[in-house]
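# Reading the structure
Each chain is listed here by its residues.
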Amino acid sequence: MSKMEVKTSLLDNMIGVGDMVLLEPLSEETFIDNLQKRFSHNEIYTYIGSVVISMNPYRSLPIYTADKVEEYRNRNFYELSPHIYALSDEAYRSLRDQDKDQCILITGESGAGKTEASKLVMSYVAAVCGKGHEVNKVKEQLLQSNPVLEAFGNAKTVRNDNSSRFGKYMDIEFDFKGDPLGGVISNYLLEKSRVVKQPRGERNFHIFYQLLSGASEDMLKKLKLGRDFSKYNYLSLDSATVNGLDDAANFRTVRNAMQIVGFLEDEVQSVLELVAAVLKLGNIEFKPESRANGFDESRVKDKNDLKEMCELLGIEQLVLERAFSFRTVEAKMEKVSTTLNVAQAYYARDALAKNLYSRMFSWLVNRINESIKAKTKARKKVMGVLDIYGFEIFEDNSFEQFIINYCNEKLQQIFIELTLREEQEEYVREGIEWTNIEYFNNAIICELIENNQNGILAMLDEECLRPGTVTDETFLDKLNTVCAEHQHFESRLSKNSKFLTDHSLPHNCFRIQHYAGKVLYQVEGFVDKNNDLLYRDLSQAMYKANHSLMKLLFPEGNPAKVNLKRPPTAGFQFKASVGTLMRNLQTKNPNYIRCIKPNDKKAAQVFSESLVSHQVRYLGLMENVRVRRAGYAFRQAYEPCLERYKMLCKQTWPHWKDLARKGVEVLLKDLKVPEEEFSYGRSKIFIRNPRTLFFLEERRRQCLEDLATLIQKIYRGWKRRTHFLLLKKSQVVVAAWYRRYAQQQKYQKIKSSTIVVQSFIRGWKARKILRELKYQKRCKEAVTTIAAYWHGMQARRELKRLKEEARRKHAVAVIWAYWLGLKVRREYRKFFRANAGKKIYDFTIQKIMQKYFFDLKNTMPSMSPIDKSWPARPFLFLEGTHQQLRSIFHLWRCKQYRDQFTEEKKAIYEEKLEASKLFKDKKALYPSSVGQPFKGDYLDINKNPKYQKLNIVMDEKLLLADVINKVNRANGKGASRIFLLTKKNFVLADQKTGQVKASIPLPDLSSVSVSSHNDGFFALKLKQGTASAAKGDFLLSSDRLIEIITKLHRTGAASSDREPLSVDISDEFLVQFKQDKVCVKFVQGGPKNGNSVTCKRKNNRLLEVSVPPP
Ligand SMILES: Nc1ncnc2c1ncn2[C@@H]1O[C@H](COP(=O)(O)OP(=O)(O)OP(=O)(O)O)[C@@H](O)[C@H]1O
Ligand SMILES: [Mg+2]
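The structure presented is a predicted model; accordingly, all values stated were derived computationally and were not measured.

### Focus: the pattern of salt bridges
Tallying each qualifying case throughout the model produces 65 salt bridges. Measuring nitrogen to oxygen at the nearest pair gives 3.0 Å for the salt bridge that ties Glu267 to Arg367. In this pair, Glu267 is assigned in helix α9 (residues 265-283) and Arg367 in helix α12 (residues 342-372), connecting sequence segments 100 residues apart. Looking at Glu267, the relative accessible area reads 18%, which means it is buried. Across the pair Arg299 and Glu289 runs a salt bridge whose closest N-O atoms are separated by 3.4 Å. Of this pair, Arg299 sits in strand β9 (residues 296-300) while Glu289 sits in strand β8 (residues 286-290), and the two are 10 residues apart along the sequence. By relative accessible area, Arg299 is classed as partly exposed at 24%.

### Thoughts on unusual backbone geometry
The omega angle of the peptide bond from Glu24 to Pro25 is -5 degrees, so this bond is cis rather than trans. As for its placement among the helices and strands, Pro25 is situated in the segment before α1 (28-40). A positive phi angle is found at Asp532, which is not glycine, with a value near 50 degrees. Examined against the element boundaries, Asp532 turns out to sit in the loop between α17 (526-531) and α18 (536-544). Its relative accessible area of 32% is what places Asp532 among the partly exposed residues. With a phi close to 60 degrees, Gln605 is a non-glycine residue in the positive phi region. Tracing the backbone shows Gln605 in the loop between β16 (589-596) and α21 (609-618).

### A short note on the sheet that holds strand β18 (residues 678-680)
Pairing within the open sheet is antiparallel, and its 3 strands lie in the order β17-β19-β18. The outermost strands of the open sheet, each flanked by one partner alone, are β17 (634-637) and β18. Each neighbouring strand pair of the sheet contributes to a mean axis angle of 15 degrees, computed without reference to strand direction. Helix α23 (residues 638-645) rests against β17, β18 and β19 (684-687) of the sheet, and its axis sits at about 100 degrees to β17.

### What to know about the state of the cysteines
Two cysteines, two sulfur atoms, one covalent bond between them: this is a disulfide. The tally for this structure, following the rule as stated, stands at 0 disulfides. Residue Cys407 stays outside any disulfide, its sulfur separated by 10 Å from that of Cys446, the closest cysteine.

Basis of the calculations
Residues numbered from 1 in each chain as written. Chains lettered and ligands numbered in written order. Predicted model: local features only at pLDDT ≥ 70, side-chain atom pairs only at ≥ 80, totals over all residues. Heavy atoms only, no water. Salt bridge = Lys/Arg side-chain N within 4 Å of Asp/Glu carboxyl O. Helix = DSSP H or I, 4+ residues; strand = E, 2+ residues; numbered from the N terminus. Buried < 20%, exposed > 50% of the residue type's maximum accessible area, 1.4 Å probe, protein only. Pairing = 2+ DSSP bridges. Axes fitted to C-alpha atoms, helices over the stretch in contact; angles between N-to-C directions. Contact = heavy atoms within 4.5 Å. Disulfide = S-S within 2.5 Å.

Here's what the structure looks like:
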């Protein structure tokens, strides 16, 4: 064990004392007080050395969780506060690691929590042992055997709602690794009398109620049962349902458990059939029937139940019926049949029911064993768990109590033996001198009961087997003689007549001073119960049944194996099995759990002192403590001991380098513990008195306080220091960062200032340079300017000079000329007259004029009147002449041009001229007409035979013939017409046929209206009142509008009797169509209309002509 492992101890945070061995002073009172104190703090477990005392808390405590399992797993027994898990762990580990078979003996009275304890042990072991598919299956089967056995073997009693009515010992088998392999269950003496009768306030075995509440309707029908408990005589009614017990749910649990354990479906069915048969059996009733011999013979009253039961078990009804009326006694190969009276029949019925049920129970145990038995032959390690009924003292104690209490005596015996033996062995192992221990040994009581010669059981057997009349009284008489001298046997009539006057002892009773107290037994029923007889007729009837289980359950009914020997008595069988159990237990290492019931009310947190002290007494717990303390109260291995107390001595604190034992020696010497108070074993220190231990503990506690203060001090110092260091470090970091930050800020400031200063300086420098440059530039410019001026001046000066020079030269030349002239004149004056100057002048002018005309003659423009060119004027003084010459020349040229015209051409030009007068700058269509000659006749009317008809109409000379459009006033569309004009009238004729449509004398025409646009529309308006006017005005259109109207105008102008035809140019004019006047309006169309002219009638009064834009 390493030193570090022992950190905690049972002694830490103890409530009361965790181990009764340490109780100081030790008395029953302090013992009970300690239990109570712990119980009130929910500490339900307390140790006596290695024995665990368990108080039933009657409520679920949170101390069985998976966490708790882990907490106790692989921990030293005394390391943690007392717990059943500590014991389980210890047992499991020594089984696994030290190869020691273990047994866990759980004792205590009914309701103290034995069965729960056994389940806790099993579940703990299951939780900590190996894992894996196979292993888990085995575990599950072992755990699930509990609900099955509890359903069939437990019942509600006044003491316990789930009281085990059988003793159970289960061997769990493990392989070398500690993995479970399987198990074997032994059962002891089921309380079968419960099947037929239950005391007040108690119930029959759970399975009956579970079956009736939980089975499906279908199943109940198959089993011929009804749900109502009250229909069955064997079920007591006072407490058919129990608070907190859900029979129906439990039934499902049981069936599930049976399936897990490995029961086949028809096995389950068979078992349930037996259960049903027992219920049916209870309902069979008998009535007396008088016989000739004067005796009453019993007869089955109502055969229906009998019939159903027989059907369930496959029994022939008549056979069973007969078995309830007759009894065959075989003696010396002779068969004698006697009748049964009603009481005997009932006795037989109940005996059958009890046997049927208890044998079925034994079969169940065997069947479970078959399932859970280990599949390997290898050597197994075994852990046995014994959950046996506790010591019982009732008001009326009978054979069952006697047997149970005997069993408990034996257990106490083995407990004492093993505890002492172990104690002794430890002393020997540790090399400590053995001091004799005084204690009460109950072997003597066991002797009284089981001695083969004169033990009570032997006496009972003897009575049962004795020929002649045997009654319970004869049995008591026998006891009175044989056991009279025994110290623990008391009877009113015993031979030594000690108790003759003891009125607490009735005549039909005997009393035994058990180790746990005196118990008064009524002898009534001892003989019967010990005999446990079932009439042979019944067992044979059962054997014959056609049911899978019956032959197994009633083998003695096999007629082929008639055995005249009596079967062993119940007492004998029990003694034998207890003997086997004891021998078995003695080979194992025992672990004890002693259960105590805190109160009789099944209530949580109620502690009944009297009840507990009674149990403490009969469980012999005080003895237990004394035995344990007889030698040394406390022992502990050296290492953990030193580890725990080393702080009490300067040499051992804080580290002891040498052997632990030496350390402990030094320690104890230093503490001045008296020598007789302790002994040094090989591996453990043994402390005689708890006082000494508590002294050590107290010193340790004080020392721990000091140490705690010290540790606290150091820790606080350390903490402060680390905190300070941390602060300091942080401060340095903060300061560093701050400085950095401040420097950065400062730097930034300097930098930005620098930049400002720099920029100013740069600016200043730049400006200076700029100024310099500008100055230089200006200088350059000035220089340039000056130079330019200078050069200019130079040039001008030069020019001036040159001009001057030229002028001078000219002047010189002029002067020279003048001088020459003068000279010449002077010279030639004598040759010329005085007026010669004027003549020269005239001559010069003449010469110039001559040259001018000659030049003009050569540069004359063409004769075309439209040629506008004219040569430039050579002399300013000729300006007037030059212009006049030009106009003269132009007029002359025009005259020349006109002079070559013929008459016809002249007329044409006159017409053109007239057209120009009428339309120039007034109508947009005009310019396009200028270039076109006015042909007049465009149709060649005379030559075209088609128009011959028209010729006839034309008596006058034809001025114009053309095809034009007559605009339809209804829709604005045009229709082609031939337009003919003569000097007197104009004619409109059909273009195709030449048919004359209208012939209008020209005088009837009042005016013509046209638009200013580039269109050919024109309206010929007639004078009001004329004959032609009746037809209304004409709205016509023609591309040759200019020519037509010009010609119309000319005819008017030509005749002197007529006013000239007026031509109105307007973009909106009225046209008189027969009755109504219609306005013709010209609008300029958009570009999308293209170049076409369209006319549309807008309404009755408006024709709109859209013309292309100019
Ligand atoms: N550790 C426990 N925690 C909670 N409840 C418990 C505990 N032990 C026992 N009980 C309660 O006490 C009841 C009786 O316990 P149990 O059946 O184990 O008694 P027993 O000693 O086996 O009695 P009998 O001798 O009659 O079989 C249980 O049904 C349960 O309600
Ligand atoms: Mg029990």
